[in-house]
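Letter by letter, the chains look like this.
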Amino acid sequence: MLLRTVACRSWARSCLYRAHTTVASRSEPPAGSEEVASAVNDLSKPAHVQAPKRKPFMKSMFLGTVDTELLTFPESLNRDEQARLNRHREELERALQAPAGPDSIRLAGLQGPLAYGGKQFTETEFAYVQELVAGERSVAMGALEHNAIVKLLAQHGTPEAQEQYLAKLCAGETVAAAGLYELSSSRDTMFSTVASLDFTGGRWTLSGTKVFLRTGPADPDLLLVVASTKRMEKLNKEDGTIAAFLVDARAPGVKIAEAPLGTGGLARVTVHLNRVEVPESALVGTENEGGTVLSKFLSAVRVQSSVVRVALLKKVLNGLTEFAIHSKAATGDMMDLELVREQLARMASVIYAAESLIYSTASLMDDYEGQDVEMEAAITKVFTTGSLLNLATLPLQLLGPQALSGERPFQALFDDALKLFIGDESIDSKDRNPAMNPSHVLSRLFDKTSIEHPKKFADLQQYFHPSLEPAAHWIEQSVVRLRLATECVLSRHGVEVIERHLELGRLATIATQLYAMVACASRASRSYCIGLRHAAQDVHLANMFCREGSERVRLLALELEKGPYITSDDDYNVIARNLFREKRYYFEHPLTRNF
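The chain appears in an unreviewed UniProt entry as Acyl-CoA dehydrogenase family member 9 from Anopheles quadriannulatus. The Subcellular location (unreviewed entry) field of the UniProt record for the chain holds the comment "Mitochondrion". The chain has a UniProt comment under Sequence similarities (unreviewed entry) that states "Belongs to the acyl-CoA dehydrogenase family."

This part covers the overall build of the chain. Within the chain, the secondary structure is distributed over 18 helices and ten strands. The buried share of the chain, reckoned over its 595 residues, is 52%. Restricting to contacts in the chain with at least 6 residues of sequence separation, those with at least 24 account for 76%.

Attention now moves to the pairing of strand β3 (residues 203-214). Buried residues dominate β3, accounting for nine of its twelve residues. Across five bridges, strand β2 (residues 194-198) lies against β3 in antiparallel orientation. Looking at β3, one finds that Leu-197 is bridged to Trp-204. Linkage of β2 to β3, two consecutive antiparallel strands, is achieved through a turn of four residues, within which Gly-202 is found at a positive phi near 65 degrees. Pairing geometry for β3 and strand β7 (residues 267-279), over eleven bridges, is antiparallel. The residue bridging Arg-214 from the neighbouring strand is Ala-267, located in β7.

The next point concerns helix α11 (residues 374-392). When the terminal C-alpha atoms of α11 are compared, their 27 Å separation across 19 residues agrees well with the 27 Å that a helix rising 1.5 Å per residue should span. Most of α11 is tucked away: 15 of the 19 residues are buried.

Now for the pairing of strand β4 (residues 222-228). Here is the key point about a regular strand: its side chains alternate between the two faces of the sheet. Counting buried positions along β4 gives seven out of seven residues, so the element sits mostly inside the fold. Side chains Leu-222, Leu-224, Val-226 and Ser-228 project from β4 onto one buried face, and the interleaved Leu-223, Val-225 and Ala-227 project onto a second face that is buried too. Where strand β1 (residues 176-179) meets β4, four bridges bridge the pair, whose relative direction is parallel. The residue of β4 that forms the bridge with Gly-179 is Val-225.

Structurally, Tyr-128 can be placed in helix α6 (residues 123-130). In sequence terms Tyr-128 and Tyr-359 are 231 residues apart; their C-alpha atoms lie 9.0 Å from each other. In this structure Tyr-128 touches Leu-85, Asn-86, Arg-89 and Tyr-359, once residues within four positions along its chain are discounted.

In this section: the confidence of the model for the chain. When pLDDT is averaged across the chain, the result is 82; 80% of the residues are at 70 or more. Counting interchain partners and residues more than four positions distant, the pLDDT-below-50 stretch residues 9-40 has 54 contacts. Throughout residues 426-447 the model reports pLDDT below 50, and contacts reaching past four residues in sequence, or to other chains, amount to 45 contacts.

The subject of this paragraph is the packing of aromatic side chains. Under the criterion given, the structure shown has five aromatic pairs. Ring pairing ties together the aromatic residues Tyr-585, Tyr-586 and Phe-587, which thus form one cluster. In this arrangement the basic side chain of Arg-89 is found over the ring face of Tyr-128, its NZ or CZ atom lying 4.2 Å from the centre. Sitting above the plane of the Tyr-352 ring, Arg-523 keeps its charged end 3.9 Å from the centroid.

Two cysteines, two sulfur atoms, one covalent bond between them: this is a disulfide. Taken as a whole and assessed by the stated rule, the structure comprises zero disulfides. No disulfide involves Cys-546; its sulfur sits 5.6 Å from that of Cys-520, the nearest cysteine.

So, about the pattern of salt bridges. As enumerated under the stated definition, the model contains 24 salt bridges in all. Across the pair Arg-341 and Asp-336 runs a salt bridge, and its minimum N-O distance is 3.2 Å. For Asp-336, a relative accessible area of 42% corresponds to the partly exposed category. Among the charged side chains, a network of salt bridges with common partners joins Lys-314, Glu-355 and Arg-523.

Calculation criteria
Residues numbered from 1 in each chain as written. Predicted model: local features only at pLDDT ≥ 70, side-chain atom pairs only at ≥ 80, totals over all residues. Heavy atoms only, no water. UniProt positions renumbered as here; feature names shortened; annotations may be inferred. Helix = DSSP H or I, 4+ residues; strand = E, 2+ residues; numbered from the N terminus. Buried < 20%, exposed > 50% of the residue type's maximum accessible area, 1.4 Å probe, protein only. Contact = heavy atoms within 4.5 Å. Pairing = 2+ DSSP bridges. Expected span 1.5 Å × (residues − 1). pLDDT = per-residue confidence, 0-100. Phe/Tyr/Trp six-rings, centres within 6.5 Å; stacked < 30°, edge-to-face > 60°. Lys NZ or Arg CZ within 6 Å of the ring centre and 35° of its normal. Disulfide = S-S within 2.5 Å. Salt bridge = Lys/Arg side-chain N within 4 Å of Asp/Glu carboxyl O.

In structure tokens:
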């Protein structure tokens, strides 16, 4: 124990700034805090203290800059907040286990304001409670979207809309859903759904078609709709292009198409808006703040939906573990096969990294005022979504046809994984990359280092426990490789980089892997320093994950350095253009002769 205490001193010093900004500034509870917390009603809950905004964590990585204060795994909640949260979770767990079963009403006001009957949960608190219902996919997905809208309304809604909707939304009497996505695109506007303002009447008119997620047999009562407000050619530099509105689903001109519910109680439903009139009070934010509102909504939903995907990943891993324990192979017990052990260990590391991403990103959203977390939230979703589909097929690889037998749960789990992979938006990464601002990135000078042999620049190992020095080494190398790969791509393409989707995709994959490595290593460092159970295994897992992730980053960065003509990127373009020209698979049959 003494050795562990000494080894943790350097790590503890790196926690000092965060402790002063996010914990010490809040009042510490008196003795017997759990009893005090349970005796205090919700209306006395203090606001969560936020520190000043910091520079974006992952976007800065593209410049080779690391905010070392954020390398410490967050402890977003102080003792009093943790005690309150545990009490709320226990109460909710008992309610959900009642004969009526889980339903969204009990979850409707978790992020609503206290004054309107809500619990005012932070993203960290909501994620922790969301774990209780993550196995009930329709309940969880409906609740997270509903709460994200409630939180937006509380922060950006007009006083009239808040008085009209917040109490009913928190009580579950009114159900909200997001009508954001569209099946068609427009060349003239950001969204095909267009909103126009009648200045004399002070009302907006919305026309277009949206798609929303229905999580039960009944349609939602209220829709959050994002619409274009100006044509592209009429925009000034300062103009906003989109605005967010609250639309009554039963208003004249709103027509919701019928759609059968699939397994898990989810359905994609189309809603047609035919000159639907909404008052100015229905604006969420100002006319020019639609982009900000949309970004906040997507960031919250991407993080919270990842909780649902991680719950499904755990089901797959637990099912495979149990199967391996009780099954025999030709050479002995299945759990003694190295191939099985390798695959299950890799899956455990992915789940560990995904959990770490969720709570690292949620902490950034909670603990820093107005923090830019758009990229971190997108990475969290991309990582959990891609991992879910890849690992849901693992039972097929290990068990073969047995995985599809009726007595095994793996087929149902695979079906659920596929539906969550399809999700509510594309995981295409081309719009989530900071290279959209190339002039800023190109302002960096080139250093005497290379992708193959990156030089250390920050001694990041001092911010982790000494047992994680290998992980810190691979993280630091990956930061350098991300910066060099970014500079290489931008120097090759300049502002036209936004059209190089394959190369941007590789950069986004590197950033995703790097953020997962940082979250994984910082969590393991915290676990070991405070003496959590299985902490030594955390260290093994983090070092393994970072070593393998670093190698993936190296290969991707080298491909970016080589360019489209040495990799296969140019060949892809040539072949695809011919497919479009011929409108079919155009290659001659292998038995065809030309003589």
